[in-house]
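Structure at a glance
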Amino acid sequence: MNIDKGYVEATIPEGIDLRAEIKRLKEEKNAVILAHYYTVGEIQELADFVGDSLALAQIAEKLDNDIIVMCGVHFMGETVKILCPEKKVLVPDLNAGCSLADSCPAPELKKFIAAHPGHTVISYVNTSAAVKALTDIVVTSGNAMKVVGSMPPDAKIIFGPDRNLGNYINSETGREMVLWDGACHVHEKFSLAGILDLKKKHPGAKVLVHPECPAAVRLVADKVGSTAVLLKWAAEHEDATEFIVATESGILHEMRLKCPGKTFIPAPPDDAACACNECSFMKLNTLSKLYLTLLHELPEVTVDENIIDRARRPIERMLELS
Ligand code: 13P
Ligand code: SF4
């Protein structure tokens, strides 16, 4: 067994039923599996809970299992560890990062905050634990509008790292939050021309857009919202049967399950030759890695105790406001 690459490398016996083994290990070790909507369908199907970033944080806080396996990206594992420091928190692959979180290194944010005295720092959950430790309140795409709305109208706010989500909140609320200039490599790449082409072929289709998409794409949206909000909207709109979905394509799995009979079309990326509407980090969660993670209880997410102490309060403030 080797963990040098950030995930367990070991021989898996031929013919093994991975699904059955994962379920057995889960029971044996009192473990629970959380999965984000962007992971592959087979991981979502095995998970005890599937959700968006907000739901997964809310669920994690209430769990009494000894081991929590977070199938998502690294910052989601860190959030769980901050909320449940006494638990063993595992991720199938430590390389599952996030381009948006990486766009905001903590030392740079510290300088930015120093250059804007008197500002409240609101950070998107897609950030490292070290960035959360510099933050006053954390938000997810599911509650950002509500949390910002709870601030006094004249509050001076730094919002980061996603400039598109920040722009969206500024345009909806008339605020002038100072924005960090970061973005997600998946949501930045949806093609407006491609979505309009799809609209010509499917004139009745509703366009669902995640707020991490740029303003031009949001302008053609019938609904802007977090993954959970888009899912709910599609399920509740009984008159609509076709949807063009401008967020990571993993969500289509749950949309098709929740809305049988409806058609979900992934919005195309600007380069037709790439699979840019897939988050390569999320797709690092595979069944074999999940099995080996449960078997060896590795790799474990660790967060410095000092950081946990400072990062916990801004996450709890978000959960209290949600
Ligand atoms: P949600 O908050 O909608 O789950 O999105 C998380 C994310 O990583 C978006 O790219
Ligand atoms: Fe990060 Fe973008 Fe992947 Fe979401 S889709 S986890 S923001 S890289």
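Our subject in this report is the structure included herewith. (Residues numbered from 1 in each chain as written. Chains lettered and ligands numbered in written order. Predicted model: local features only at pLDDT ≥ 70, side-chain atom pairs only at ≥ 80, totals over all residues. Heavy atoms only, no water.)

1. Focus: the packing of helix 4 (residues 74-83) against helix 15 (residues 305-321)
- The contact between helix 4 and helix 15 brings their axes to 9 Å, and the two run at 95°. With respect to their mutual orientation, helix 4 and helix 15 come out roughly perpendicular. Touching Thr79, Lys81, Ile82 and Leu83 of helix 4 are Ile308, Ala311, Arg312, Ile315 and Leu319, all from helix 15.
- When its residues are assigned to classes, the contact of helix 4 with helix 15 shows six nonpolar, one polar and two charged. (Axes fitted to C-alpha atoms, helices over the stretch in contact; angles between N-to-C directions. Helix = DSSP H or I, 4+ residues; strand = E, 2+ residues; numbered from the N terminus. Parallel < 35°, antiparallel > 145°, perpendicular 65-115°, else oblique. Contact = heavy atoms within 4.5 Å. Nonpolar A, V, L, I, M, F, W, Y, C, P; charged D, E, K, R; others polar.)

2. Overview of the layout of surface pockets
- Roughly 180 Å³ of internal volume is contained in the largest pocket.
- Taken together, 13 residues form the lining of the largest pocket, with Ser141, Met145, Tyr168, Val224 and Gly225 sitting closest to its centre.
- Taken together, the elements giving at least two residues each to the lining of the largest pocket come down to helix 8 (144-149), helix 9 (163-173) and strand 10 (223-224).
- Broken down by element, the residue count for the lining of the largest pocket peaks at three residues, all from helix 9.
- The class makeup of the residues in the lining of the largest pocket is eight nonpolar, four polar and one charged. (1 Å grid on protein atoms, 1.4 Å probe; cavity = no way out; pocket = protein on both sides within 12 Å on 5 of 7 lines; lining within 4 Å. Points joined across faces, edges and corners; volume = space filled by probe spheres on them.)

3. Some thoughts on unusual backbone geometry
- Residues Gly160 and Pro161 are joined by a peptide bond in cis, for which omega reads -5°.
- Secondary-structure assignment places Pro161 in the loop between strand 7 (157-160) and helix 9.
- With an omega dihedral of -10°, the bond running from Leu298 to Pro299 counts as a cis peptide bond.
- Note on placement: Pro299 falls in the loop between helix 14 (287-296) and helix 15.
- Even without a glycine there, the phi angle at Asn30 is positive, about 50°.
- Among the structural elements, Asn30 can be located in the loop between helix 1 (18-28) and strand 1 (31-36).
- Since its relative accessible area comes to 32%, Asn30 is described here as partly exposed.
- Notably, Glu297 is not glycine yet its phi reads approximately 55°, a positive angle.
- If you trace the backbone, Glu297 turns up in the loop between helix 14 and helix 15.
- Taking the relative accessible area as the measure of exposure, Glu297 reaches 21% and is therefore partly exposed. (Buried < 20%, exposed > 50% of the residue type's maximum accessible area, 1.4 Å probe, protein only.)

4. Describing the packing of aromatic side chains
- Using the criterion set out here, one finds two aromatic pairs in the structure.
- When the centroid spacing of 5.1 Å and the interplanar angle of 80° are considered together, the rings of Phe112 and Trp180 count as edge-to-face. A residue pair is termed long-range when its members are at least 10 positions apart, and Phe112 in helix 6 (residues 106-114) and Trp180 in the loop between strand 8 (178-179) and helix 10 (192-201) qualify at 68 residues. For the residue pair Phe112 and Trp180, the accessibility class agrees, reading buried in each case.
- Ring geometry for Phe243 and Phe264: centres 5.1 Å apart, planes at 15°, overall stacked. A residue pair is termed long-range when its members are at least 10 positions apart, and Phe243 in strand 11 (residues 242-246) and Phe264 in strand 12 (residues 263-266) qualify at 21 residues.
- A residue is classified by how much of its surface remains accessible, and Phe243, at 0% relative accessible area, is buried.
- What makes Phe264 buried here is its relative accessible area of 3%.
- The cationic tip of Lys289 hangs over the ring face of Tyr7; the distance from NZ or CZ to the ring centre is 4.7 Å. (Phe/Tyr/Trp six-rings, centres within 6.5 Å; stacked < 30°, edge-to-face > 60°. Lys NZ or Arg CZ within 6 Å of the ring centre and 35° of its normal.)

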